[in-house]
Amino acid sequence: MATLTDLTIAGLRDGLRARKFSAVEVADAYIGAMAKNRHLNAFIVETPDLAREQAKVADARLAKGEGRDLEGVPLGIKDLFCTKGVQTTAGSNILKGFVPPYESTVTANLFAAGATMLGKLNLDEFAMGSANITSAFGHVKNPWTRKDGKDLVPGGSSGGSAAAVAARIVAGATGTDTGGSIRQPASFVGIAGLKPTYGRCSRWGIVAFASSLDQAGPMARDVRDTAILLKAMAGHDPKDSTSVPRPVPDYEKALTGDVKGLRFGIPKEYRVDGMPAEIEKLWQQGIEWLKAAGAIPVEISLPHTKYALPTYYIIAPAEASSNLARYDGVRYGLRVPGNSLDEMYENTRAQGFGAEVRRRILIGTYVLSAGYYDAYYLKAQKVRTLIFNDFREAWKQCDVVLTPTAPSAAFAIGDKQDDPIAMYLNDVFTVPVNLAGLPGLSVPAGLSADGLPLGLQLIGKPFDEETLLRVGGVVETAANFTARPGV
Amino acid sequence: MSLDQATVARIAVLARIKLPEAEREKMAKELSGILDWVEMLKDLDTSKVEAMTSTVEMVLPQRADKVTDGGYPAAVLTNATEPVRISQTDDSSGGFFTVPKVVE
C-alpha cells in the first residue's frame, strides 16, 4: 500500500470507510509530514493535538458506520478563516495573537462533514499579494525547485495552502480568491484550485479584503477532490446576506468525463503581449485535448479584458480601505499607544500593517475621497459592468471558457518585488472572473521548460460549477499530470 | 495623475496611518505609478453604463428586526487589548473596551 499521505481525499475517504486504516493513523502520517516540511513555512500555527482529537472522534463514528463525507480527512485552513480557539492572523502583525471566539461558516461546514484540522496556513497579509511574500510570518517556499536552485514563490495569496497541498502535508486546503488567490498559486504548484461563483460559499467569519470580490474555495491534488471539498464548503448562510439560497449539488457526480458537443470559448483578448511561448503552447494543447474529447472550440471576444486589472486595482483597494478601518487598536489586535485617540489609531495602523497593505489602504482612501470618487471608484464600477456584460455575451456562444491560469510559471523569491504593477500583472487572466462574479478552476496541465507546473483555467457560467468540474476532469485526464515536486 | 507629498500626507491622515515625512516621497511615487496606470480607464465611454452593484441577480434578503445573537460580554472582550471592569474587584460589574482619554 502507498503511504497514507499519497492518497487523495477520495482515496482516504474510501479507505477510512472500508476500515483499511484509521483516522488517527491518517492524522499521525500527516502530522509527521508537517514536521518534516517546516522549511516551507506553510503553516502559521500547527494544531496536531486538535487533529488527533478530531481523528479519534472520526474513528468512533466510522466504527459505528456513521462516517460523514469528509470523516477523518485532515485539512489545512488558510489563516484568513476564523477558527474558534485557534489563532487567526490574516498574516498580519495587527492580528497577531487574535483568537476568535467563533468559527467561520465554511470551516464549521467542513468540520460538520467530519474533516479534521492540521493547522492554519500562511498567506499574503490580508490576502493582498500574488507571491506570498507579504506575510508578517515570513514568505512561503514553493516545494518545486528550478534548475538554477533559487527558492521560488508558491504564488499568492493562498501560498501556504498551495505549498501544503503540493508537498502532501495536508490532504486538501481552503483558500480564498479575490483576484486569483486560489487559481494562480494552484497553477504555480501543480494542484487543482476552484474559485466558486460569488455567493456560493458564505463569507461569514472570513477576514474581509474586498467584499464584492472575495470568495472561499477548495485547493486539492485533483479535480475530484476539489468537487468533494466544495460540496462540504458551499451552502446558504443567513449570516452572509450575499450568500445565495440555492441547493448544493453533489459536485462529484458531475465528473462524467463526457464533454461531447460542449462548446468552449477561446477569448482572443487573452493572447496578451509578451506571453511566453510555452504558455501559448500549453493553451493550444488544452484546445487539442478538449477537441479530441469531442468538445467544440469557439473563438470568442471579451473586448474589455485589458481594463480588468486597472478596474480591480481601484475597486479592491477601495473596499479594503473600508474593511480594514476596523483595525484601530481598540477592540482586538495590536495597540500602539499615542498621546490622543487619533495618534493611537495612526501609530497602531502604521506598525500593524505591512507595506503592501498600507499602500492599498492609501490608494483606496484616495479613490473614495471627496472629489475623486466619481473619477475613479464610480468609473471602475461602470467598467466592471462592461466586463460583466462581455461574459454575458460570451455565454450565448459557449458553455465554458478555456484560458491559461497565469502568464508565467512560479518566479524566484525577490523577483518583481520592486514594482507593484509587475506583481499585479500575475493576475491578468484571473481578475476578470472575480469582477464578473463567475466560477473559475485551475487544473495542472503541463511543465515549463524549467520543469515547473503550469495550469489551465476554465471559467464557467454563474453557479455552473458542475460543467466547470466536468470539463476540468477531462483536461486533467488528458494532461495526465503526474510530476511531483522535489520538496 | 501625479500625487504631491502634501496630498499623500492628507490621505494618510484620512486613513489614520502615520506616514513619517521621510517616507512621503517614496509613497507618492508608488501611488502615482498606480494612478497613472489606471488612467487607461478614461479611454472608455461609460456615460451610458450603469455602475455595477452586484454580480448576482438577487434581491437582498430581509429578516425580522430581532436580536439573534449576543449576551456574552466576556467572549466579546477576550481579545480586547486593555479590557477593564468598572470595579477591579467585582467580576460582575461589566466589561468595557478602553481608549485614550477623549474628553478634557
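Quick note: structure is the one above.
First, a word on what this report is: a plain description of the structure on this page. Starting afresh in each chain, residues are numbered from 1 along the sequence in its written order. Note on labels: chains are lettered from A, ligands numbered from 1, in written order. Whole-chain, interface and lining totals are the exception, using all residues; otherwise, since this is a predicted model, local features are given only for residues with pLDDT of at least 70 and side-chain atom pairs are given and counted only at 80 or more. By convention in this description, side-chain values take in all heavy atoms of the structure and omit both hydrogens and water.

Bringing the nonpolar core into the picture now. Leu70(A), Leu110(A) and Phe126(A) are the most contacted members of the largest nonpolar core, which has 181 residues in total. Residue contacts follow a heavy-atom distance rule, with two residues in contact if any of their heavy atoms lie within 4.5 Å. With sequence-adjacent residues up to four places away left out, Leu70(A) is seen in contact with Ile9(A), Leu110(A), Ala113(A), Gly114(A), Ala115(A), Ile228(A), Leu229(A) and Ala232(A). We call a set of buried Ala, Val, Leu, Ile, Met, Phe, Trp, Tyr and Cys residues a nonpolar core when their side-chain atoms join them within 4.5 Å. Partly exposed describes any residue whose relative accessible area lies between the buried limit of under 20% and the exposed limit of over 50%, with all areas from a 1.4 Å probe on protein chains only and scaled to the type maximum.

With that settled, consider the pairing of strand β2 (residues 74-78) of chain A. All names here are of chain A. The buried fraction of β2 is high, at 5 of 5 residues. The helix count covers DSSP runs of H or I at least four residues long, the strand count covers runs of E at least two residues long, and both are numbered beginning at the N terminus. Residue alternation in β2 divides its side chains into two sets, Pro74, Gly76 and Lys78 and Leu75 and Ile77, and both sets are buried. Here is how to tell: hold the view so the strands point away, follow the path from the first strand over the helix to the second, and if it runs clockwise the crossover is right-handed. Assessed by its sense of winding, the connection that carries the chain from β2 through helix α4 (residues 105-112) to strand β3 (residues 116-121) is right-handed. By definition, two strands form a pair when at least two bridges between them are found by DSSP. Note that β2 and strand β4 (residues 172-176) share 2 bridges and pair parallel. Within β4, the residue paired with glycine 76 across the bridge is alanine 173.

What follows is about helix α1 (residues 5-14) of chain B. Buried within α1(B) we find Thr7(B), Val8(B), Ala9(B), Ile11(B) and Ala12(B). Against the buried residues of α1(B) lie α11 (355-368) of chain A together with α2 (21-38) of chain B. Backbone geometry just downstream of α1(B) places Arg16(B) in the positive-phi region, at approximately 55°.

To continue, consider the pairing of strand β7 (residues 263-267) of chain A. Put simply, side chains in a regular strand alternate between the two faces of the sheet. All names here are of chain A. Counting buried positions over the 5 residues of β7 gives 4, a clear majority of the element. Strand direction decides the pairing type here: β7 and strand β8 (residues 296-300), joined by 5 bridges, are parallel. Counterpart to arginine 263 in the pairing with β8 is isoleucine 296. Note on the crossover from β7 through helix α8 (residues 277-292) to β8: the handedness is right-handed. Here 2 bridges tie β7 to strand β9 (residues 400-404), and the two strands are oriented parallel to one another. Bridge assignment links glycine 265 to a residue of β9, and that residue is valine 401.

All names here are of chain A. Ordered by their spatial adjacency, 11 strands build an open sheet running β1-β3-β2-β4-β6-β5-β10-β11-β9-β7-β8, and the pairing between neighbours is mixed. Unpaired on one side and paired on the other, β1 (43-46) and β8 mark the two borders of the sheet. Between one strand axis and the next, the sheet turns through 30° on average, direction left out of account. Across 5 bridges, the pairing between β4 and strand β6 (residues 216-220) is antiparallel. Each residue of the ladder has a partner; that of alanine 173, found in β6, is methionine 219. The sheet contacts of helix α2 (residues 23-36) involve β1, β2 and β3, and relative to β3 the element is tilted by about 20°. Fitted lines through C-alpha atoms give the axes, limited to the stretch in contact for helices. The angle between two N-to-C directions lies from 0 to 180 degrees. Running at roughly 160° to β3, helix α3 (residues 48-63) makes contact with β1 and β3 of the sheet.

Any functional reading would require information that these geometric values do not contain.
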